[in-house]
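Results of the structural survey
Next come the chains, spelled out residue by residue.
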Amino acid sequence: MDFQDVVARRKMVRNYRTDPVDPAVVDRALRNAVRAPNAGFSQGWGFLVLDQPTDVRRYWEATADDIDQPDEWLTGMMRAPVIVLPCSSKAAYLDRYARPDKGWGDRDEARWPMPFWHMDAAMATLLILQTVVDEGLGALYFGIPPHSDRAVRDAFGIPDHYDPIGAVTIGHPADGGAQGSPSRRRRTPMEELVHRGRW
Ligand SMILES: Cc1cc2nc3c(=O)[nH]c(=O)nc-3n(C[C@H](O)[C@H](O)[C@H](O)COP(=O)(O)O)c2cc1C
């Protein structure tokens with residue numbers, strides 16, 4: 001698919017068919033993800049892939065209030081055969097930048113007003129979303145409820161020095177389902193967003 005078509009067609013999908021996802025699609029998405037830019041080539045990311053029905057169900061059990069009486073959003077989402085949890089490691093960045101070629105041996109966290117570990121994992125996540133669109137499938141990045149963080153870590157053995165930055169469902173889009181905010185909100189015109197020379 002032409003790059004511009006990938007960008008234009010990408011929108012979050014919240015309703016899936018149950019048809020399986022070719023593992024090669026997930027593999028390609030992950031291979032692309034690790035080509036994302038990342039500070040100092042720290043590569044302080046990790047990706048938990050849930051592609052077995054029991055694992056996918058365990059994710060929803062750990063995070064959803066009532067999987068036996070799901071609302072429209074959850075009904076559509078629970079059909080997705082694959083969930084990927086991109087994770088970021090702050091420790092990996094502090095370690096990397098303490099190396100002689102970076103020289104931040106004090107590991108002072110004040111050096112990091114922008115948490116690059118999350119930023120880099122987010123860039124990798126966009127590449128997952130775009131690859132999925134390029135493959136003709138759909139995906140949604142969504143947040144993990146804060147109160148579910150411990151349950152998700154425990155369910156899947158995520159080490160404490162990695163933080164899941166959210167979750168990405170991958171699957172074949174179905175018609176209908178919960179609509180995203182772009183169906184209710186106007187897209188802000190470019191001239192309100194772009195400032196040239198001076199804000
Ligand atoms: C950081 C972030 C958090 C989001 N969290 C959720 C979420 O919890 N649930 C959801 O359905 N969509 C979530 N979304 C999807 C946004 O609603 C969606 O990207 C936005 O409305 C623009 O629509 P589009 O991506 O389809 O173009 C999230 C997106 C981002 C980038």
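Residues numbered from 1 in each chain as written. Predicted model: local features only at pLDDT ≥ 70, side-chain atom pairs only at ≥ 80, totals over all residues. Heavy atoms only, no water.

Counted as a void, the largest pocket has a volume near 590 Å³. Forming the walls of the largest pocket are 26 residues, and the residues nearest its centre are Arg9, Arg10, Lys11, Met12 and Val13. Contributing elements (two or more residues each) for the lining of the largest pocket: helix H1 (3-9), helix H6 (116-134) and strand E3 (138-142). Considering only residue class, the lining of the largest pocket consists of 12 nonpolar, eight polar and six charged. Taken as a whole, the second largest pocket encloses approximately 190 Å³ of empty space. Every residue lining the second largest pocket is counted, 15 residues in all, and those nearest its centre are Thr63, Ala64, Asp65, Trp73 and Leu74. Listed by contribution, the elements that provide at least two residues to the lining of the second largest pocket are helix H3 (53-63) and helix H4 (72-77). Ranked by residue count, the leading element in the lining of the second largest pocket is H3, at three residues. Among the residues making up the lining of the second largest pocket, the classes are represented as eight nonpolar, four polar and three charged. (1 Å grid on protein atoms, 1.4 Å probe; cavity = no way out; pocket = protein on both sides within 12 Å on 5 of 7 lines; lining within 4 Å. Points joined across faces, edges and corners; volume = space filled by probe spheres on them. Helix = DSSP H or I, 4+ residues; strand = E, 2+ residues; numbered from the N terminus. Nonpolar A, V, L, I, M, F, W, Y, C, P; charged D, E, K, R; others polar.)

So, on to the site of the ligand. What surrounds the ligand is the set Arg10, Lys11, Met12, Arg14, Trp73, Leu140, Tyr141, Phe142, Gly143, Ser181 and Pro182. In this structure, an oxygen atom belonging to the ligand sits 3.0 Å away from a side-chain N or O atom of Arg10. One of the backbone nitrogen or oxygen atoms of Met12 is found 2.8 Å away from an oxygen atom of the ligand. Expressed as a share of its isolated accessible area of 610 Å², the protein-covered part of the ligand is 57%. Of the residues in the shell around the ligand, the class split is six nonpolar, two polar and three charged. (Near = heavy atom within 4 Å. Polar contact = N/O pair within 3.5 Å; in protein donor to acceptor, adjacent residues only side chain to side chain. Areas by Shrake-Rupley, 256 points an atom, 1.4 Å probe, with all protein chains shown as cover.)

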